[in-house]
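A look at the structure
Residues per chain are reported as follows:
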Amino acid sequence: MREDIPASRRDLIARVATLELLISDLIDLLWRVDPAAMEQLAREASHDLEIQNSRTVLAAGEHQRERLYGVLQERRRKLEHRRTSAHA
């Protein structure tokens, strides 16, 4: 049973990496298909991050706040990255 854990962890890492690549390709494709809609998504991602970052009190614990901030920051980063590369 202990031998299965590293194998399943490697499998999970490979699956997550594959999903991240697919999402990146999808975002790139969406920038090509509808740049205006992607601009709106990028603005919304930045706005969501600003709102979350400006809150001083969150019902969840501090670790949850940091986790949410990381997720929102990653979303904004991915969308802005595509926005700048699509115009180049």
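Description of the structure in this document.

The rules behind the values
Residues numbered from 1 in each chain as written. Predicted model: local features only at pLDDT ≥ 70, side-chain atom pairs only at ≥ 80, totals over all residues. Heavy atoms only, no water. Salt bridge = Lys/Arg side-chain N within 4 Å of Asp/Glu carboxyl O. Helix = DSSP H or I, 4+ residues; strand = E, 2+ residues; numbered from the N terminus. Buried < 20%, exposed > 50% of the residue type's maximum accessible area, 1.4 Å probe, protein only. Expected span 1.5 Å × (residues − 1). Arc of directions from axis to C-beta.

1. Some points on the pattern of salt bridges
- For the structure on display, the rule yields five salt bridges.
- A salt bridge links Asp 48 to Arg 75; its shortest N-O distance comes to 2.8 Å. Of the two residues, Asp 48 sits in helix α2 (residues 35–54) while Arg 75 sits in helix α3 (residues 62–87), which places them 27 residues apart along the sequence.
- Judged by relative accessible area, Arg 75 falls into the partly exposed class, the value being 29%.
- Arg 77 serves as the salt-bridge partner of Glu 74, at 2.7 Å between the closest nitrogen and oxygen. A residue pair is termed a helical-turn pair when its members lie 3 or 4 positions apart in one helix, as Glu 74 and Arg 77 do in helix α3 at three residues.
- Several salt bridges share partner residues, and in doing so they unite Glu 74, Arg 77 and Lys 78 into one network.

2. Regarding α2
- Along its 20 residues, α2 runs 28 Å from first to last C-alpha, staying within 8% of the 28 Å computed at 1.5 Å per residue.
- Residues of α2 that are buried: Met 38, Glu 39, Ala 42, Ala 45, Ser 46, Leu 49 and Gln 52. Axial view of α2: buried residues confined to an arc of 160°, hence all on one face. The exposed residues of α2 that point more than 90 degrees off its buried face are Ala 36, Glu 50 and Ser 54.

3. Some details on the environment of Glu 74
- In this structure Glu 74 comes out as partly exposed when scored by relative accessible area, which is 33%.
- Distance from Glu 74 to Ala 45, taken between C-alpha atoms, is 9.3 Å for residues 29 residues apart in sequence.

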